[in-house]
Each structure stands twice: as structure tokens, then as C-alpha cells.
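Below are the chains, spelled out letter by letter.
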Amino acid sequence: MNKIKLLAFVFCVFCISNNIHAVDPNSKNEFNPLITGVPSLTIAPDARAGGMGDIGVATDPDIYSQNWNPAKYAFAYSKAGVGLSYTPWLRNLVNDIYLAYLAGYYKLGDTDRQAIGASLRYFSLGAITLNDPAGIFQGTASPYEMAVDFSYSLKFSEKFSGAVAFRYIRSDLGLGSNAQQNATPGNAFAADIAGYYNTYVMAGSNECLLGLGFNISNIGTKISYDQGENNQFIPTNLRIGGSFLFPLDDYNTMSFNLDLNKLLIPTRPDFSQMGDAEGTQAWLDYTSIGSIQGIFKSFSPSDAPGGAKEKFQEITWSFGAEYAYNHQFFVRGGYFYEHPNKGNRQYFTVGAGFKLSSFQLDAAYLISTVPNNPLDQTLRFSISFDMDGLKNIMK
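None of the values given here were measured: they were computed from a predicted structure.

Calculation rules
- Residues numbered from 1 in each chain as written.
- Predicted model: local features only at pLDDT ≥ 70, side-chain atom pairs only at ≥ 80, totals over all residues.
- Heavy atoms only, no water.
- Helix = DSSP H or I, 4+ residues; strand = E, 2+ residues; numbered from the N terminus.
- Buried < 20%, exposed > 50% of the residue type's maximum accessible area, 1.4 Å probe, protein only.
- Contact = heavy atoms within 4.5 Å.
- Areas by Shrake-Rupley, 256 points an atom, 1.4 Å probe, with all protein chains shown as cover.
- Core = buried A, V, L, I, M, F, W, Y, C linked by side-chain atoms within 4.5 Å.
- Patch = residues over 30% accessible without salt bridge, like charges linked within 9 Å, V, L, I, M, F, W, Y side chains within 5 Å.
- Salt bridge = Lys/Arg side-chain N within 4 Å of Asp/Glu carboxyl O.
- Pairing = 2+ DSSP bridges.
- Polar contact = N/O pair within 3.5 Å; in protein donor to acceptor, adjacent residues only side chain to side chain.

A. Just the overall build of the protein, in detail. The helix and strand inventory of the protein stands at seven helices and 16 strands. The buried share of the protein, reckoned over its 395 residues, is 50%. Taking as baseline every contact in the protein between residues at least 6 positions apart, the subset at least 24 positions apart corresponds to 61%. With an accessible surface of roughly 17900 Å², the protein has 61% of that area assigned to carbon and sulfur atoms.

What follows is the structure in C-alpha cells.
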């Protein structure tokens, strides 16, 4: 195995682990996960969402809305904010893989109807030693994935806002001078389209906040590591959800949240039932599908070997709750479910947060409900700064 194949293999093992975890042995014959390039784009970057089962499309706005639904920025309570999050990744396997995420927003004008947002995502795969077939050291590689994006959100009414985001994506195997001529970093461009609706409804004698949201993310080009000879889908995704927040009394509130996700890429053919020639042709047909065409094919039951049943299996869901005391202390919990045939990620999450006038600190912890899940015991940490609060301190 030459150096490039070796590194690509290791790279895929770590990246695909975001999509494939412990497999149910009773369903392994039907195991057919959706595998994409740049899978780190699907990792929940912040501890608030991570503490509620990876939820955020319809929760009340926060600084990390850029990842979940940038349309929420138009309803943000503060004029501006910035946050930084850090997630050690796959620590049950290695100790040098991590995700760092920086996000922020600013509301334009005096009417607070418009906002701009931006984020930088950096996923490091650590250091990988390169050896030739004889085992002789050939150097080290530092593969990484990164994305930088900008968003614009507009409040169309007192209850509804929309947003668009534009993203540049880069995935580098880190081969550098060790690379063969046709091995290059992968680059892609993508866009998001999002919407957010909230309104106050009465539940008994309490005025409660109902939120609904959607985000179609990573609509864009494919990505290639060999100058376009082979192209992979990026994780185009449809996320929809709802949130219901109600006051227990003047100081205590509780919210319940639900997100549904569907990757908008075609299902891979079942190569186990094909001969070599048929399988080769099926693979060529699959890789020739364009990214926009793939979005529409992803909803077709005939696209999957298992038909409509398999298509429904591709939907993941997560449920989370958040308790807040005086908008300062937070306790969270959630559950994430992915069908065993599509990756078998199933886990509970717990989290907590503390907020002062100018900053907020959050942490989350993942508890797997399936055996041998390398994500088990994953920790996330986030810190965010409210610019209005900082201004008040400095006065």
C-alpha cells in the first residue's frame, strides 16, 4: 500500500467514524450508511446543542445559530456576540483529534431586522506517520478539514425570518511534498437556505414561545482529492424541527425540542448483490450523479436498494430539553437516534451552563447506548460573549 493509499485509508477511518459506529450484528446484511466527503461538517460544534442530543434548528437564538439555523440571528436578543467551542474527538481511540469552532453575529441598523453572521470550523485529524511498504519512515502528515462561512438573515415579519449562508470548504490529507502529482487538497463551495418562525401561544395561563425552523445546508459542489477524477458528495442536509418553551414561574423556564435530519444525497447501490462488471457500472452511475440531481434523488424510494423502507431509515431524530433558572443556570438532556442500518449512532447527552451578563460557559457529555461506540464519553466545551453585556461592564 503506497503512502497516498495508506493516508487516505487512515483519513477515511477517522472521518467515516462520524457516520459509522457500532453496527447491530442482526442487521449487518442491510447495513448501508450514507457516506460523504468532509463528514466533520455534520458534527455538532457547541456544547448547548450537544447537551440536548445535537439539537438547534428551532431553539431560541444563541451565538452558535450559524451552524444550526442562521435565520435565528434576526431574532437574537443582543446586538452582537461571539463564541468559541472545543470538542476533543474520538478520545477512546486517539488523543490528538479535535474540532474547534468560532462563530459570531452582528445585527445591522437600528430596527434589528437584519443580521450578519460568520463562523470558522477547523477539524484536525492529528499527526499521522507515513511509512513506505518496507516500513521505512517517510515523514508525517497533518490532515485537516475546515470551513468558513458567512450568512445574512432578514426578519420578514414579527414572527418569521429567513437567511442564506455561503461556505468555502477545504479538506487536506496533509501529504505536502510526499504527495504524488495527482493528489491534491479537496475544495468545495456550498450554500444554506434557512427559515425560522416563532410566536407566543397560551398554554393554560402561561404565555409560551413556540419555535419552528428549517435549514437546507451544504447545497453545493462535490469534492475531489485527485483533480476531479473521482468526486464525492458533501453532506447536504435537510434539518427541520420545533421548540416549545414555557415558564414555570417568574424565574424558571423549561423547553422541549425536536429535530429531524435527512442527508440529501443518493443512497449507494448494494454492491454485494452484483458481479464485478455490474458493480463497476453501478459505481460509475452513482458517481456521475450531480449534486443538485442527488438532492432530488435522495427523496426517491427507487433510489435505495431497500425502497421506501430504507429511505425512512435515513432520517435521524433527536429530542432535547433545557431547564433554565433566571436565565443564568442551565441543565440539559437529550437523545439522538440513527437507525442501525444507517450508522447506529444512538446516545444520550447531558449538559450544563452558566451565564453572567457578558459571557456564558457550557459543557456537554455524551453517553452511548450501543456498545463499542468511539464517541462514548465525548466532552464539549463552549464559551460565548455577549457584546451588549461587555459594553455594560465597561461603562
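The discussion continues.
B. Up close: the nonpolar core. Counting 11 residues, the largest nonpolar core is built from Ile43, Trp89, Leu90, Ile97, Leu99, Phe123, Leu125, Phe336, Tyr347, Leu366 and Leu375. Counting 10 residues, the second largest nonpolar core, distinct from the first, contains Ala147, Ile169, Ala190 and Tyr225.

C. Local environment of a nonpolar patch on the surface. On the surface, a cluster of nonpolar side chains totalling about 690 Å² of accessible area is made up of Ile240, Phe256, Leu258, Leu260, Phe312, Ile315, Trp317 and Phe319. Along the chain, Trp317 turns up in strand β12 (residues 315–325). The class of Trp317 is partly exposed, set by a relative accessible area of 33%.

D. Layout of the pattern of salt bridges. According to the stated counting rule, one finds 16 salt bridges in the structure shown. Residue Asp192 pairs with Arg167 through a salt bridge whose shortest N-O separation is 2.8 Å. Placement of the pair is Asp192 in strand β8 (residues 186–203) and Arg167 in strand β7 (residues 160–172), with a sequence separation of 25 residues. Arg167 carries the same exposure label as Asp192, and that label is buried. Of the charged contacts in the structure, one is a salt bridge between Lys342 and Glu310, with a shortest N-O distance of 2.7 Å. Pair noted here: Lys342 is in the loop between β13 (329–337) and β14 (346–355) and Glu310 is in helix α6 (residues 307–313), with a separation of 32 residues, a long-range link. Across the pair, Glu310 and Lys342 agree in class, each one buried. Among the charged side chains, a salt-bridge network with shared partners connects Arg48, Asp60, Asp62, Glu322, Arg332 and Asp362.

E. Up close: the pairing of strand β10 (residues 237–247). Where strand β9 (residues 206–220) and β10 come together, nine bridges link them in antiparallel fashion. Bridge pairing in β10 links Leu210 to Phe244. As defined by bridge partners, β10 adjoins strand β11 (residues 252–263) across 11 bridges and the pair is classed as antiparallel. Bridged to Ser243 within β11 is Asn257. In sequence, β10 turns back onto β11 through a hairpin of four residues.

F. Representation of the environment of Thr369. Mapped onto the secondary structure, Thr369 falls in the loop between β15 (359–368) and β16 (379–386). Taking the relative accessible area as the measure of exposure, Thr369 reaches 38% and is therefore partly exposed. Here the alpha-carbon distance between Thr369 and Tyr337, two residues 32 residues apart in the chain, equals 9.8 Å. Here Thr369 is in contact with Tyr335, Gln346, Tyr347 and Phe348, once residues within four sequence places are set aside. A polar contact is formed between the side chain of Thr369 and the backbone oxygen of Gln346, at a distance of 2.9 Å.

G. How the structure looks around the environment of Ala80. Inspection of the secondary structure assignment puts Ala80 in strand β1 (residues 80–88). We classify Ala80 as buried; its relative accessible area is 10%. Each residue touching Ala80, except ones within four places of it in the same chain, is listed here: Tyr105, Tyr106, Phe385, Asp386, Met387 and Asp388.

H. Inspection of the pairing of β13 at higher detail. The pairing of β12 with β13 spans nine bridges and is antiparallel. Among the inter-strand pairings, Ala321 is bridged to a residue of β13, identified as Gly333. In textbook terms, the turn of a hairpin is the stretch between consecutive antiparallel strands, and for β12 and β13 this stretch comprises three residues, one of which, Asn326, has a positive phi near 55°. As paired strands, β13 and β14 are joined by nine bridges and run antiparallel to one another. Residue pairing in the sheet places Phe329 in a bridge with Phe354 of β14.

I. Highlighting the side chain of Asn215. Along the chain, the position of Asn215 falls in strand β9. By relative accessible area, Asn215 is classed as buried at 3%. Of the polar contacts made by the side chain of Asn215, one reaches the backbone oxygen of Trp68; its length is 3.1 Å. Non-local contacts of Asn215, meaning those with residues more than four positions away in its chain, are made with Val57, Asn67, Trp68, Asn69, Pro70, Asp192, Ile193, Ala194, Asn237, Leu238 and Arg239.

J. Highlighting unusual backbone geometry. The backbone phi angle of Val38 is positive, close to 50°, even though this residue is not glycine. Val38 gets classed as buried once you look at its relative accessible area, which sits at 1%. The backbone of Asp54 sits at a positive phi, close to 65°, despite the residue not being glycine. Looking at the element boundaries, Asp54 is found in the loop between α2 (47–50) and α3 (65–68). Residue classification places Asp54 among the buried residues on the basis of a relative accessible area of 9%.

K. Representation of the side chain of Glu314 within the structure. Summarising the element assignment, Glu314 is placed in the loop between α6 and β12. A relative accessible area of 5% means that Glu314 is categorised as buried. A polar contact is formed between the side chain of Glu314 and the side chain of Lys262, at a distance of 3.0 Å.

In short, shape yes, function no, at least from these values alone.
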